[in-house]
Amino acid sequence: MTYQTALVLEALDAGRHHGWDIMDATDLPSGTVYPILRRIEEKGLVRARWERESEARREQRPTRRYYELTPAGVAQLGEARARFRAMTALGARMQRRWKPA
Amino acid sequence: METRVIHRLSLAALRLIARLVPRIDRATWLHEWQAELGNRRTRLAARNGLTRQQEFEMFRRVLGSFHDAAWLRRQFTRDADLVHDMRYGARLLRRNPGFAMLTVTVLALGIGATTGIFSVVDALLVRQLPYRDPERIVLLFEAPTVNPAAIDGVSPANFLDWKAQVQSLEFLTAAEPFGYTYTSGDEPQMIPGSLVSGGFFEAYGVDALYGRTFTTDEYAPGRNQVAVLSHGTWTERFGANREIVGRVIRLNGQPHSVVGVMPPTFAPRLLSTFSERGIWTPKVWGEIEQRIRGARYYNAIGRLKPGVTIQQAQSEFDGIAQRLAQQYPRTNSGRVIQVVTLRDHLAGDLRPSIGLLTGAVALLLLIAIANTTNLQLARASARAREIAVRNAIGADGNRLVRQLLAETMTIAVLGCLLGWFVAYGTGRIIVSLAPADIPALAAVSLNGRVLLFSAALTCIVALLVGVVPALKVSGLRSSASLTGHASEDARVAPRQRGRAVFVVAQLALALTLLSGGGLLLRSFSQLLETSPGFSAEGVAALQVFLRASEGTPAQRVTLIQQAIERMRRVPGVRDVGAASVIPFLNTTGGGSGAIVIEGRPTPASGDEPGAMVTVATPGYFPSMRIPLLDGRMLSEHDNADRVQAALVSRAFAQRHWGDRSPIGQRLRFTAQGTPVAAEIVGVVGDISQTALDLPAPPAVYVSLAQAPTGAVVFVVRTSSDPALALPALQSEIRALLPGVPVYRTASLQDLVASTLNARRFMLTLFVAFAVLAVTLAATGVYGVMSILAVQRTKEFGLRRALGADGPEILRMVMRQGAMMIAIGIAIGLGGSLMMGLVLRRFLFGVSPNDPWTLIAVCVALSAVGAVACFLPALRATRVSPLVALRSE
């Protein structure tokens with residue numbers, strides 16, 4: 001697992017569920033974040049679905065793709081945290097800084 | 001720049017990049033990106049208006065979507081690579097046609113032979129029978145308790161008792177085999193058929209193709225002049241004319257109106273030895289049938305009630321058999337009733353053989369797989385360089401493995417296609433070799449189910465064959481391959497060992513099959529040397545039935561004697577006789593019965609001595625060359641006016657009198673319905689009755705003149721081929737008895753030989769598989785030895801340079817090969833012993849672990865193996881010392 005993948009997992013765990021929100025949280029470019037999302041989705045670490053239509057309509061925007069960690073993804077994140085210790089602090093910072101864009 | 005313009009640019013860029021995304025994902029992808037972009041703009045605008053800076057930032061992100069789209073495209077191409085890989089595989093095969101042909105052929109043989117055997121299994125055991133709920137149709141047979149497999153028909157009186165008592169069957173119906181004399185024009189024709197009792201067609205659940213089957217009131221006297229034709233009879237004798245329904249034909253001199261024609265699939269062959277029956281008429285029960293209990297010549301067919309199992313029906317009939325044995329001990333003691341499903345009956349004796357052949361073909365398939373795996377391994381290492389290059393320029397390991405598997409798949413698919421021809425051939429060979437009386441075999445074909453089976457088999461084989469070389473290759477990343485010193489790579493040595501393992505496995509499996517073939521061959525030759533107790537050579541058999549319309553019993557005996565006299569005058573005829581039952585011609589109605597020896601305490605019911613009772617003319621014994629051992633033969637003087645005389649066989653005499661002579665003792669028994677009280681006048685040799693591998697049953701003979709019957713088989717010994725004499729013999733019978741057709745003619749030698757058909761069938765296929773197995777194993781040995789020799793070329797050159805001579809190098813290579821062969825044979829011997837155990841029930845006169853057979857097959861396999869090693873070894877001796885010098 002790369003450090004960038006670990007960052008994406010951390011962002012997902014911190015409640016960022018959409019592609020662009022993850023980019024904001026991780027400061028990674030779109031050309032990195034999306035292929036990572038596709039790959040970890042293929043591996044079963046995240047689950048992706050379309051938001052419910054009603055939800056999007058309430059906020060007057062198109063339906064967005066919603067990503068969330070699977071149990072396997074959570075486990076993987078635990079491993080990543082043990083490996084990249086600095087990340088824990090980063091995760092905490094993500095949690096703090098979080099405000100919907 | 002206006003924010004709107006930048007936004008439009010963003011959208012245009014997204015649409016452009018979306019073109020890169022595989023079509024199947026494109027719409028979703030575009031939606032996701034547009035939604036993210038749209039969402040971000042809405043949020044920012046709502047908060048404090050969009051700045052140009054923010055719009056640019058979004059545009060930058062949109063451009064990043066290119067990486068996402070490119071990633072998806074790469075993923076997609078990788079999946080599409082499978083097709084590409086197979087194409088590449090096919091191209092490689094075209095470039096190396098020799099290798100391709102070899103592997104494809106080996107796989108075709110393995111897959112084809114397996115599919116062929118499966119097509120037979122399918123026809124015998126899987127395919128639906130063309131009847132309604134066929135699993136509920138059962139056949140019922142009587143059989144002696146001591147040998148329940150020796151099934152016999154049912155006697156009319158027993159059948160009527162069964163019908164009165166049975167609860168578990170929806171229908172129970174009987175068919176009485178009957179020869180119809182059909183007259184149209186001058187020549188009477190014999191059409192075998194059956195008188196069937198009510199519920200016959202209903203038990204099978206089959207309707208007529210044209211017209212109808214019988215109505216219930218047609219089973220009554222006066223209403224029963226109706227007939228249903230089989231499809232075969234309708235086409236052969238009545239030109240497939242539909243107008244025949246409703247017309248009147250003459251059967252046995254009586255007008256019968258044809259009410260229906262059955263579909264071609266309706267072929268209720270009941271006792272397997274009976275030929276196809278072509279006409280059915282209703283059976284009307286009379287008073288006489290209630291008294292015939294000893295002659296078992298009816299076929300009984302039943303249909304289980306819904307929900308009733310065959311075991312339940314069997315246990316009900318066990319009870320019925322017990323009650324009847326108490327009620328009628330003379331005829332029914334020591335008899336059981338066998339309830340058999342129609343499918344089991346149709347598969348007949350072939351079922352155990354098929355099981356065994358399936359095992360044999362599985363071994364053959366394993367050999368083919370091991371062989372192909374080795375060829376693939378050899379090729380993979382020959383391509384080590386190519387693979388290393390591809391590795392170095394960025395192909396990942398998985399990609400290479402996938403490609404190799406795809407190549408194997410290409411080979412396997414070709415092998416499968418070619419294998420279908422092999423399967424078709426195997427199926428045809430099996431059908432032509434199989435004993436003629438297995439009705440279900442006619443249905444052997446390559447249907448959808450069989451082809452599906454072979455496709456599934458191909459996939460499994462491809463995986464098995466491809467996985468080992470593919471794994472080897474994925475481990476091959478070293479630069480050694482690149483530098484051209486592949487043979488010095490440290491990994492090469494274990495790879496050669498792996499290849500040797502596959503060769504050893506092939507040898508062991510081949511030896512197992514070969515020893516099985518050897519045992520069957522020995523059994524067969526033992527059987528051929530077994531004498532049946534008579535001489536079948538040059539003997540013709542002609543079966544006739546003289547009915548009551550031909551006169552009183554005594555008059556019929558006179559007619560038979562006259563016929564014998566006329567046949568004796570035919571040129572080339574040496575002896576003529578007649579008997580009610582002759583060996584190897586399965587005639588129902590004759591046969592075994594209880595014998596009472598006068599002056600001995602009456603044994604408990606069921607323990608009476610039994611014997612084959614044959615009514616014969618004096619000429620029967622010289623015609624058959626059955627030797628007289630004691631006393632005298634039957635003679636012309638043993639007629640109705642004299643004391644009844646009987647001959648007994650040696651087995652019968654020994655069982656009851658040991659070494660003492662039985663001459664003068666008196667017996668009581670029933671022969672062809674006539675009670676006989678006879679004095680033993682002689683002892684004759686034992687003769688086999690139904691099979692050479694069964695002990696000759698005890699037999700009692702009585703003179704035709706003293707126990708008259710109209711159902712006889714003439715046996716005519718000729719000085720040449722009996723087939724040549726048959727027309728003249730038949731015309732003598734026709735001249736004397738114009739209204740009596742000859743029911744069946746045969747050469748006795750053919751009859752005896754036909755009992756070996758089942759064995760010959762198994763033997764031929766088994767030996768064919770064994771020979772194939774040995775051939776494959778030999779090519780395996782040859783292939784590996786060649787590669788090993790080539791890889792040691794430099795070493796040999798060096799040795800030559802240092803003074804080793806040709807024979808020394810030959811010995812070195814041969815030693816290496818001998819090692820492999822020895823290990824293969826050692827393991828194979830274990831397999832052979834197991835094979836012997838499996839084959840035990842098919843063996844005759846040879847022990848399952850017969851040492852001579854084992855030695856012979858070991859020697860044979862070693863010899864073949866040695867030849868396969870010798871050629872590469874010889875090539876190795878020709879290596880010049882210069883090779884070593886040049887390569888350094």
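Computed from a prediction, not measured in an experiment: that's the story for all the values here.

This brings us to the overall build of chain B. The secondary structure content of chain B amounts to 26 helices and 22 strands. Taking all 888 residues of chain B together, the buried fraction comes to 42%. Of the contacts formed within chain B by residues at least 6 apart in sequence, a portion of 84% connects residues at least 24 apart.

With that out of the way, let us pick up the overall build of chain A. Along chain A, the regular secondary structure elements total six helices and two strands. Secondary structure elements of chain A occur, N-terminal to C-terminal, as α-α-α-β-α-β-α-α. The contacts in chain A between residues at least 6 apart in sequence include a share of 56% that link residues at least 24 apart.

Time to look at the interface of chain A and chain B. Listed per partner, the contact involves 17 residues of chain A and 17 residues of chain B. Counting residues per element, the ones that place at least two in the side of chain A that touches chain B are α2 (19–26) and α3 (30–42) of chain A. It is α3 of chain A that contributes the most residues to the side of chain A that touches chain B, five residues altogether. Of the residues that constitute the side of chain A that touches chain B, the class distribution is seven nonpolar, six polar and four charged.

Moving on: the packing of helix α1 (residues 3–13) of chain A against helix α5 (residues 71–83) of chain A. Residues and elements named next belong to chain A. Interhelical geometry of α1 versus α5 gives an angle of 120° and a closest axis separation of 10 Å. Taken together, the axes of α1 and α5 lie oblique to each other. In this structure, α1 crosses over α5, and the sense of that crossing is left-handed. Between α1, through Ala6, Leu9, Glu10 and Asp13, and α5, the contact on the second element is made entirely by Gly73, Gln76, Leu77 and Ala80.

Attention now goes to the packing of α1 of chain A against α3 of chain A. Residues and elements named next belong to chain A. Direction vectors running N to C along α1 and α3 enclose 80°, while the axes themselves pass 10 Å from each other. In terms of orientation, α1 and α3 fall into the roughly perpendicular class. Residue-level contacts link Gln4, Thr5 and Val8 of α1 to Thr32, Val33, Ile36, Leu37 and Ile40 of α3. Tallied by class, residues from the contact of α1 with α3 come to five nonpolar, three polar and no charged.

Before going further, it helps to spend a moment on the nonpolar core. Residue and element names in this part refer to chain B. Within the largest apolar cluster, 153 residues are counted, with the highest numbers of intra-cluster contacts made by Leu364, Ala510, Phe769 and Ala773. Among the domains, domain 2 (147–333) and domain 3 (350–529 + 757–887) are the pair contributing at least three residues each to this core. With residues near it in sequence (within four places) discarded, Leu364 still touches Gly110, Ala113, Leu513, Phe769, Leu772 and Ala773. By size, the runner-up hydrophobic cluster in this structure holds 67 residues, among which are Val557, Val676, Ala725 and Leu748.

For the rest of this paragraph, the subject is helix α8 (residues 310–327) of chain B. Residue and element names in this part refer to chain B. Helix length check: α8, at 18 residues, gives a terminal C-alpha distance of 25 Å against a target of 26 Å (1.5 Å per residue), a fit within 8%. Listed as buried for α8 are Ala313, Phe317, Ala321 and Leu324. For α8, the buried positions fall inside an angular range of 80° around the axis, keeping them on one side. Looking at α8, the residues exposed on the side facing more than 90 degrees away from the buried face are Gln311, Ser315, Gly319 and Gln326. At its buried positions, α8 is contacted by β1 (137–144), α5 (156–165), β2 (169–183), β9 (299–304), α9 (329–332) and β10 (335–341).

The next point concerns the environment of Ala360 of chain B. Residue and element names in this part refer to chain B. For Ala360, the position within the fold is in helix α11 (residues 350–382). Look at Ala360 and you get buried, because 26 C-beta atoms sit within 10 Å. C-alpha of Ala360 to C-alpha of Leu513: the two residues are 153 residues apart in sequence and 6.7 Å apart in space.

So, about the confidence of the model for chain B. Should pLDDT be low for a region, the predicted coordinates there are not to be read in detail. Residue and element names in this part refer to chain B. A residue-level look at chain B finds 91% of positions with pLDDT of 70 or above and a mean pLDDT of 83. For chain B, helix α15 (residues 479–483) is the element with the lowest average pLDDT, namely 51, and strand β5 (residues 226–229) is the one with the highest, namely 94. For residues 484–494, every residue scores under 50 in pLDDT, and the model assigns this stretch 13 contacts once sequence neighbours within four places are set aside. Complex prediction metrics read pTM 0.66 and ipTM 0.89.

Positive phi outside glycine occurs at Asp27 of chain A, with the angle close to 65°. Here Asp27 of chain A lies in the loop between α2 and α3.

This part is about the pairing of β9 of chain B. Residue and element names in this part refer to chain B. For β9, the tally of buried residues reaches six of six residues, placing the bulk of the element in the interior. Where burial is concerned, the two faces of β9 agree: the one with Asn299, Ile301 and Arg303 and the one with Ala300, Gly302 and Leu304 are both buried. Here β1 pairs with β9 via four bridges, running antiparallel. Looking at the pairing, Val138 lines up with Gly302 of β9. Pairing analysis gives six bridges linking β2 to β9, with the strands arranged antiparallel. Counterpart to Phe171 in the pairing with β9 is Arg303.

All names here are of chain B. Mapped onto the secondary structure, Ala157 falls in helix α5. Along the backbone, Ala157 and Ala295 are 138 residues apart, and their C-alpha atoms lie at a distance of 9.4 Å. Setting aside residues up to four positions removed in sequence, Ala157 forms contacts with Glu289, Gln290, Arg291, Ile292 and Arg293.

Moving on, we come to the environment of Ser523 of chain B. Residues and elements named next belong to chain B. In this fold, Ser523 is placed in helix α16 (residues 492–529). Spatially, the C-alpha atoms of Ser523 and Phe844 are 4.8 Å apart, while their sequence positions differ by 321 residues. In this view, Ser523 contacts Phe842, Leu843, Phe844, Gly845 and Val846; residues no more than four positions away in its chain are not counted.

Cut-off values and rules
- Residues numbered from 1 in each chain as written.
- Chains lettered and ligands numbered in written order.
- Predicted model: local features only at pLDDT ≥ 70, side-chain atom pairs only at ≥ 80, totals over all residues.
- Helix = DSSP H or I, 4+ residues; strand = E, 2+ residues; numbered from the N terminus.
- Buried ≥ 20, exposed ≤ 12 C-beta atoms within 10 Å, placed from the backbone.
- Contact = placed C-beta atoms within 7 Å.
- Nonpolar A, V, L, I, M, F, W, Y, C, P; charged D, E, K, R; others polar.
- Axes fitted to C-alpha atoms, helices over the stretch in contact; angles between N-to-C directions.
- Parallel < 35°, antiparallel > 145°, perpendicular 65-115°, else oblique.
- Left-handed = near helix turned anticlockwise from the far one by under 90°.
- Core = buried A, V, L, I, M, F, W, Y, C linked by C-beta atoms within 7 Å.
- Domains from an automatic or database assignment.
- Expected span 1.5 Å × (residues − 1).
- Arc of directions from axis to C-beta.
- pLDDT = per-residue confidence, 0-100.
- Pairing = 2+ DSSP bridges.

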